[in-house]
Amino acid sequence: MQKDIHERNSNSPSGAGGYSNTTATLALAKASFRSIMRSPSAVVFTLAFPLIFILVFGFLGGGGTRIDVGITPGSDVNNPVMGMLEKTGMIRLVKDKSKAEFDKLLEKGNVDAMIDVHRKVNSAAYSVNVVYTSASRDKGGILKSVLNNIFYDKTLKPTVAEIKESTITGREYKTIDFILPGQLGFSLLSTGVFGTAFVFLSLRQTLVIKRFFATPVKRSSIVIGEGIARIGFALIGALFIILIGHFFFGFTLVHGALTVVNMLILATLGVIVFMGFGFIISGIAKNESMVPPISNIVTLPQFLLSGTFFSIEAFPSWLQPISRALPLTYLNDAMRKVAFEGLGLWDVKFQIMILLLWGIGIYAVAVKVFKWE
Amino acid sequence: METKKAIISVKNLVKKYDDFVAVQGLSFEVYEHEIFGLLGPNGAGKTTTLEIIETLRDKTSGEIIVDGFSVDKQPQDIKQIIGVQLQAAGYYPNLNLIELIELFAGLYGANIKPMEMLEKVNLQDKAKAKYKALSGGQKQRFSIATTLINQPKIIFLDEPTTGLDPQARRNLWDLITEIRNAGTTVVITTHYMDEAEQLCDRVAFVERGQIIALDTPDNLIDKLVSSGFERKKEVKKANLEDVFINLTGQEWRE
Ligand SMILES: Nc1ncnc2c1ncn2[C@@H]1O[C@H](COP(=O)(O)OP(=O)(O)OP(=O)(O)O)[C@@H](O)[C@H]1O
Ligand SMILES: [Mg+2]
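Residues numbered from 1 in each chain as written. Chains lettered and ligands numbered in written order. Predicted model: local features only at pLDDT ≥ 70, side-chain atom pairs only at ≥ 80, totals over all residues. Heavy atoms only, no water.

Asker: Go over helix α5 (residues 136-148) of chain B, please, and point to the residues and values.
Answerer: Between its first and last C-alpha atoms α5(B) spans 19 Å; for 13 residues at 1.5 Å apiece the expected length is 18 Å, and the two agree. With eleven of 13 residues buried, α5(B) lies mostly within the body of the structure. Listed as buried for α5(B) are B:G137, B:Q138, B:Q140, B:R141, B:F142, B:S143, B:I144, B:A145, B:T146, B:T147 and B:L148. Buried residues belonging to α5(B) abut α8 (208-213) of chain A together with β6 (82-85), α3 (97-108), α4 (114-120), β7 (154-158) and α6 (166-181) of chain B. (Helix = DSSP H or I, 4+ residues; strand = E, 2+ residues; numbered from the N terminus. Expected span 1.5 Å × (residues − 1). Buried < 20%, exposed > 50% of the residue type's maximum accessible area, 1.4 Å probe, protein only. Contact = heavy atoms within 4.5 Å.)

Asker: Go over the nonpolar core, please, and point to the residues and values.
Answerer: By size, the foremost hydrophobic cluster in this structure holds 146 residues, and its most contacted members are A:F212, B:I8, B:V66, B:Y92 and B:F142. Not counting chain neighbours up to four residues away, the residues in contact with B:Y92 comprise A:L28, A:A31, A:S32, A:S35, A:V199, A:L203, A:V208, A:F212, A:E226, B:L100 and B:L103. Core analysis: the second largest hydrophobic core is formed by 19 residues, A:I91, A:Y126, A:V128 and A:L147 among them. (Core = buried A, V, L, I, M, F, W, Y, C linked by side-chain atoms within 4.5 Å.)

Asker: Give me the coordination of the magnesium ion (ligand 2): which residues, what numbers.
Answerer: Of the protein atoms, only B:T47 (OG1) and B:Q87 (OE1) coordinate the magnesium ion (ligand 2), at distances of 1.8 to 2.1 Å. With a gap of 40 residues between them, B:T47 in helix α1 (residues 46-53) and B:Q87 in the loop between β6 and α3 connect regions that are remote in the sequence. (Donors = N, O, S within 2.8 Å, 3.2 Å for Na, K, Ca; no water.)

Asker: Describe the site of ligand 1, and please don't skip the residues or the numbers.
Answerer: Residue and element names in this part refer to chain B. If you check the shell around ligand 1, you find 15 residues, and the closest are N42, G43, K46, T47 and T48. The contact in question runs from an oxygen atom of ligand 1 to an N or O atom on the side chain of N42, over 2.8 Å. E159 places a side-chain nitrogen or oxygen 3.3 Å from an oxygen atom of ligand 1. Burial of ligand 1 by the surrounding chains reaches 66%, relative to a free accessible area of 640 Å². For the shell around ligand 1, the elements supplying multiple residues, two or more each, are β2 (20-31) and α1. Broken down by element, the residue count for the shell around ligand 1 peaks at three residues, all from α1. Grouping the constituent residues of the shell around ligand 1 by class yields five nonpolar, seven polar and three charged. (Near = heavy atom within 4 Å. Polar contact = N/O pair within 3.5 Å; in protein donor to acceptor, adjacent residues only side chain to side chain. Areas by Shrake-Rupley, 256 points an atom, 1.4 Å probe, with all protein chains shown as cover. Nonpolar A, V, L, I, M, F, W, Y, C, P; charged D, E, K, R; others polar.)

Asker: Just give me the short version of the pattern of salt bridges, but keep the residues and values in it.
Answerer: Per the counting criterion, the structure on display carries 17 salt bridges over all chains. Where B:E102 meets A:K30, a salt bridge forms, and the shortest distance between an N and an O atom there is 3.9 Å. Note that B:E102 is positioned in helix α3 and A:K30 in helix α2 (residues 21-37), a pairing that runs across two chains. What makes B:E102 partly exposed here is its relative accessible area of 30%. Across the pair A:K337 and A:D333 runs a salt bridge whose closest N-O atoms are separated by 3.6 Å. One end of the pair, A:K337, and the other, A:D333, are both in helix α13 (residues 327-340), four residues apart, so they sit about a helical turn from each other. (Salt bridge = Lys/Arg side-chain N within 4 Å of Asp/Glu carboxyl O.)

Asker: Before we move on, can you summarise the packing of helix α10 (residues 257-284) of chain A against α13(A) with the specific residues and values?
Answerer: All names here are of chain A. Relative orientation of the contacting elements α10 and α13 amounts to 175°, with a least axis distance of 9 Å. Compared by their axis directions, α10 and α13 come out roughly antiparallel. Here α10 contributes T259, N262, M263, L266, A267, G270, F274 and F277 to the contact with α13, which in turn contributes P327, L328, L331, A334, M335, V338 and A339. When the residues that make up the contact of α10 with α13 are grouped by side-chain class, the tally is twelve nonpolar, three polar and no charged. (Axes fitted to C-alpha atoms, helices over the stretch in contact; angles between N-to-C directions. Parallel < 35°, antiparallel > 145°, perpendicular 65-115°, else oblique.)

Asker: So what's going on with the UniProt feature "transmembrane region" (unreviewed entry) in chain A? Residues and values would help.
Answerer: UniProt feature "transmembrane region" (unreviewed entry): in the numbering of this structure it lies at residues 42-60, 184-203, 228-251, 263-285, 297-319 and 350-370 of chain A. Annotation note: span residues 350-370 of chain A, helix share 95%, strand share 0%, distance between end C-alpha atoms 29 Å. (UniProt positions renumbered as here; feature names shortened; annotations may be inferred.)

Asker: Pulling in residues and values, what's your account of the side chain of B:R57?
Answerer: All names here are of chain B. Positionally, R57 belongs in the loop between α1 and β4 (61-66). The class of R57 is buried, set by a relative accessible area of 17%. Engagement of the side chain of R57 in a polar contact is seen with the side chain of E51, the distance being 2.6 Å.

Asker: Describe the pairing of strand β4 (residues 126-133) of chain A, naming the residues involved and giving the relevant values.
Answerer: Residue and element names in this part refer to chain A. In terms of burial, β4 is largely enclosed, as seven of its eight residues are buried. Bridge count between strand β3 (residues 113-119) and β4: seven bridges; the pairing is antiparallel. Opposite M114, over in β4, you have V131 as the bridge partner. Hairpin geometry of β3 and β4 is characterised by an intervening segment of six residues between the two adjacent antiparallel strands and by a positive phi of about 60° at N122. (Pairing = 2+ DSSP bridges.)

Asker: Got a sec to walk through the interface of chain A and chain B? Specific residues and values, please.
Answerer: At the interface, 37 residues of chain A touch 34 residues of chain B. When chain A packs against chain B, close to 3300 Å² is buried across both sides, 55% of that on carbon and sulfur atoms. Inspection of the chain A/chain B interface yields five salt bridges. Close ionic contact of B:E99 with A:R34 constitutes a salt bridge, the shortest N to O distance being 3.5 Å. (Buried area = accessible area lost by both parts, 1.4 Å probe.)

Asker: Break down the sheet that holds strand β10 (residues 210-215) of chain B for me, citing the residues and quoting the values.
Answerer: All names here are of chain B. Strands sit in the order β6-β7-β8-β3-β9-β10 across an open sheet of six strands; the sheet is mixed. Edge strands, defined here as strands with exactly one partner in the open sheet, are β6 and β10. Strand after strand, the sheet turns through a mean of 15° between neighbouring axes, direction not considered. Two elements, strand β3 (residues 35-39) and strand β8 (residues 185-189), share four bridges in a ladder whose sense is parallel. Paired with I35 across the bridge in β8 is V186. The strands touched by helix α8 (residues 217-226) are β9 (202-207) and β10; relative to β10, the strand with the most contacts, the crossing angle is about 100°.

Asker: Account for α1(B), with residues named and values stated.
Answerer: For the α-helix, the turn length of 3.6 residues means that residues three or four positions removed from each other point alike. Residues and elements named next belong to chain B. Counted residue by residue, α1 has eight buried out of eight residues, so it is predominantly covered. If you check which residues of α1 are buried, you get K46, T47, T48, T49, L50, E51, I52 and I53. Positive phi shows up at T55, right after α1, with a value of about 70°.

Dropping the structure here:
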């Protein structure tokens, strides 16, 4: 019911004394930032959770061994060598991808080696050509010994004439390179959603905002001031996570500081989009105890389905379209590409565009449901 | 009575909450540099009236001018020259008093020293305390400090002494009188008639959204006495409140 009054306010000249909206906005940002830094839940969600996951996964390493071996396009597939490899249970053969796709996977270590089997000219015996990648030395080593066993296997020996081996160089893709961007994305999601929802709901309910409205401050200053504080806090958290990951767990930053800057720009975009969810939730929640359940409806599916822990390619195919609809999926994807593949922001424009679309949609709803009192 | 300049003028103010008429055609003026009291039973419409003047609520109809500014057209200008203590209000969480004052200084665009503001209400010892950790009286004093930050021409105090001990009330009266003597107009609501009698230059009695009496406390009392009213019991030379103050001394209570 106050709405029209305040809209009229914003049109009127700011009156005597040259009232500064910037001063007011910055004063709010400073207050909000101080308040966030002293709020245990904000610190736990933004820093402690992601760091715990990174620690756990950082020390666990890859977990159970499974070796992905790509079959070079054009290779013979019905031969005893491949049969034996599959029987070991450790090796998964990856078929039906183009040479270019395999090269990429190989370089990143998503595929641990390539195998090419051919019948030798004028002979019943096979020639086996194996290409390892330095991106996955450990698994390559395991494959090597598996192949050696096979080569000396009595039943196979007559049919396999030779094994040719070579190694291509790729960047080493570690578990941390996958886990950290996912954790970072989730940290931004929880800071944006929970933090924003709680703050605006409680400022409204404890009549802090009402008292603000008795001062000349504009509504936009309140929103922007809170936003600056939250983004600042989220970025400090992100920087902290990236640096710990890099220096303690060997998180790959292809272009060093530039990569960090790119990641922080993505983080800013991400947290702005996620704050939109927070504004919506603060508007529809009737009291503070309703915030966590509603927030979880937003964050949990993204936590599970947006490639935070597992690549979404590992999901059943019916789940994948859902994953591909979620904004966090695209933030995670862009983060990984920027951090590990060293892509620039322009190269992840598709992901950025999807995030922007989400942002527009979310804020369109937020403007409708947000309540000031 | 000498002519005084009205700094607030309210004409035919009406406020409806859906079907319920909370304020029905209030008209009054507040003069410059006076302490003006709004008195009346719970639910009479005092807070509603104040918050409409403070530009915090919309009115249904009527006309309000505050220091030459119209509530409809220049609410932003009004906010610059008033200080507001709400009957119920909260302060930004996790901040100490100094930081809260800094925040308000930014919101008002005022250049002040936070510690000096706290000294005015004798809270300098609590500078590093959180608002939540203050006693009721300290909270009220802090609220009053926040109304002074922009050196307002008018301050509105909605039941500032509710819940305070007799001594704290008296000290708050002194503070309010000082503020008025420094040139600020004060509009106050209270349920304590002794307070209104001591503090206010003029009072308006509001009931069911209408003003039923408006005059100086002296005139109102004289009128009642001349109508033949007498107190049932002969009053003693002192009352229990005098005993309280005599026993507990004059200092601010922490
Ligand atoms: N937001 C609201 N919606 C509906 N009715 C309201 C609202 N605010 C106040 N009222 C009603 O308007 C009437 C006047 O309320 P108001 O708060 O102005 O009274 P008051 O004189 O300040 O009382 P008190 O002495 O108890 O503070 C009350 O009957 C109250 O129930
Ligand atoms: Mg009231």
